[in-house]
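Reading the structure
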Amino acid sequence: MDRSGNWLFRWRSFLPLVLYVMAFTLILLNMDKDANHENLNWIWTCVGVSLFGLIIRAFTIGFTPAGTSGRNTKEGQVAEALNTKGIYSMCRHPLYLGNFFMWLGIIMYVGNHWFTVACVLLFWLYYERIMFAEEYFLRKKFGDKYLYWSDKVPAFFPKLTAYKSSGVGFSLRNVLKREYNGFFAVFLSFALLDALKNYLFYKSFRLEDILNPFWQWALIISFVVFLVLRTMKKQTSLLDVKGREFVK
């Protein structure tokens, strides 16, 4: 589990590609009729689920101090301290919880109930091993302190009544610095699915046929936000927050 979890983490960026291939295949086979992608209520429901995931990630990153448990692909596991407060007092893996809802909204928009169920199971199998690998590292590094915390805090489904203040203020700049990629990816994913469905229906490459006005504006706005925040991150120090570096 530890070896497979570390391997899956290194290749986690390719999971969305697998989901895209599966989603596009269902659409091309015309197996996506369980939901109407032109229904605004359904659009807002799916977008709302994905944005809920982004909010969970933003809440986690905004209140997380520097040096707490995290990792990167070059150095493996990194943790100077065990974070047990804030959202981590309710859930051991809040970022993965956020990821789940971000992708759930997009998967729901495909419009096939069985595909949604299959992807939920795939997500569980995939991230279960990643979570095991992370917790194996933390257990070795922090010993009894980790065991005491993990025994009281659920791995994935939050225990809302157990919340403890993180002791630090919310850093919007840290959120903007870390989450602009995910924000744009959500709206780009929705727009791609919508464009494919419309092309198959209208057999036209005209913009007004490929994307309805809602997704046109959503894509434009999210792309502008992406460019502005990426430029600020790469070319300025406006988004840097001393003592709030976050590596996960």
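Notes on the structure follow. All of these numbers come straight from a predicted model, not from anything done at the bench. (Residues numbered from 1 in each chain as written. Predicted model: local features only at pLDDT ≥ 70, side-chain atom pairs only at ≥ 80, totals over all residues. Heavy atoms only, no water.)

Focus: the side chain of S189
The topology assignment puts S189 in helix α7 (residues 172-202). Owing to a relative accessible area of 1%, S189 belongs among the buried residues under this scheme. Within the local environment of S189, its side chain forms a polar contact with the backbone oxygen of A185, the two atoms lying 2.7 Å apart. Setting aside residues up to four positions removed in sequence, S189 forms contacts with Y20, W103 and I106. (Helix = DSSP H or I, 4+ residues; strand = E, 2+ residues; numbered from the N terminus. Buried < 20%, exposed > 50% of the residue type's maximum accessible area, 1.4 Å probe, protein only. Polar contact = N/O pair within 3.5 Å; in protein donor to acceptor, adjacent residues only side chain to side chain. Contact = heavy atoms within 4.5 Å.)

Points about the packing of α7 against helix α9 (residues 213-235)
Two elements in contact, α7 and α9, have axes whose closest approach is 9 Å; the angle formed by their N-to-C orientations is 155 degrees. The angle between α7 and α9 places the two elements in the roughly antiparallel class. Taken as a pair, α7 and α9 cross one another with a handedness that is left-handed. Of α9, the residues touching α7 (which contributes L176, K177, Y180, N181, F183, F184, F187, L188, F190, A191 and D194) are W215, A218, L219, S222, F223, V225, F226, L229, R230 and K233. Per-class residue counts for the contact of α7 with α9 are 15 nonpolar, two polar and four charged. (Axes fitted to C-alpha atoms, helices over the stretch in contact; angles between N-to-C directions. Parallel < 35°, antiparallel > 145°, perpendicular 65-115°, else oblique. Left-handed = near helix turned anticlockwise from the far one by under 90°. Nonpolar A, V, L, I, M, F, W, Y, C, P; charged D, E, K, R; others polar.)

What about the nonpolar core?
Grouped together as the largest cluster of nonpolar side chains are 53 residues, with contacts concentrated most on F190 and W215. Mapped onto this core, the elements with two or more residues apiece are α2 (15-28), α3 (40-62), α4 (94-110), α5 (113-142), α6 (144-152), α7 and α9. It is α4 that contributes the most residues to this core, eleven residues altogether. Grouped together as the second largest cluster of nonpolar side chains are five residues, Y180, F184, F226 and L239 included. (Core = buried A, V, L, I, M, F, W, Y, C linked by side-chain atoms within 4.5 Å.)

A closer look at the packing of α3 against α7
Two numbers describe a pair of packed helices, the interaxial angle and the distance between the axes. α7 packs onto α3 with a crossing angle of 165 degrees between their chain directions and a minimal axis gap of 10 Å. Between α3 and α7, the interaxial angle falls into the category roughly antiparallel. As for how α3 packs across α7, the hand of that crossing is right-handed. Facing C46, V47, S50, L51, L54, R57, A58, I61 and G62 of α3, the residues of α7 in contact are N174, V175, R178, E179, G182, F183, V186, F187 and F190. Grouping the constituent residues of the contact of α3 with α7 by class yields eleven nonpolar, four polar and three charged.

Examining empty space enclosed by the protein
Within the structure shown, the criterion is met by four cavities of 30 Å³ or more. In this model, the second largest cavity occupies a volume close to 70 Å³. L19, W103, I107, C119 and F123 are the residues nearest the centre of the second largest cavity, which is lined by ten residues in total. For the lining of the second largest cavity, the secondary-structure elements that each account for two or more residues are α2, α4 and α5. Classifying every residue of the lining of the second largest cavity gives ten nonpolar, no polar and no charged. (1 Å grid on protein atoms, 1.4 Å probe; cavity = no way out; pocket = protein on both sides within 12 Å on 5 of 7 lines; lining within 4 Å. Points joined across faces, edges and corners; volume = space filled by probe spheres on them.)

Side note on the pattern of salt bridges
Overall, the coordinates contain four salt bridges when judged by the stated rule. When the shortest N-O distance is used, the salt bridge between R92 and E135 registers 2.6 Å. Here E135 lies in helix α5 and R92 lies in the loop between β2 (76-78) and α4, a separation of 43 residues in the sequence. Residues R129 and E128 are paired through a salt bridge, measuring 3.2 Å at the closest nitrogen-oxygen approach. (Salt bridge = Lys/Arg side-chain N within 4 Å of Asp/Glu carboxyl O.)

Looking at α7
Between its terminal C-alpha atoms α7 stretches 42 Å, which fits the 45 Å expected from 31 residues at 1.5 Å a residue. Maximum bend of α7: about 55 degrees, positioned at E179. Two residues or fewer past α7, K203 is found with a positive phi of approximately 55 degrees. (Expected span 1.5 Å × (residues − 1). Bend = angle between axes of the 7 residues up to and from the residue.)

Let's talk about a positive patch on the surface
Taken together, the side chains of K85, K152, K159 and K164 present a region of like positive charge at the surface. Looking at where K164 falls in the secondary structure, it is placed in the loop between α6 and α7. (Patch = residues over 30% accessible without salt bridge, like charges linked within 9 Å, V, L, I, M, F, W, Y side chains within 5 Å. Areas by Shrake-Rupley, 256 points an atom, 1.4 Å probe, with all protein chains shown as cover. Lys, Arg positive; Asp, Glu negative; His and termini not counted. Charge placed at Lys NZ, Arg CZ, Asp CG, Glu CD.)

Overview of α4
In this model, α4 (17 residues) spans 25 Å end to end at C-alpha, consistent with the 24 Å of a helix rising 1.5 Å per residue. Burial within α4 is extensive, with 15 of its 17 residues counted as buried. Just downstream of α4 lies G111, where phi reads positive at about 95 degrees.

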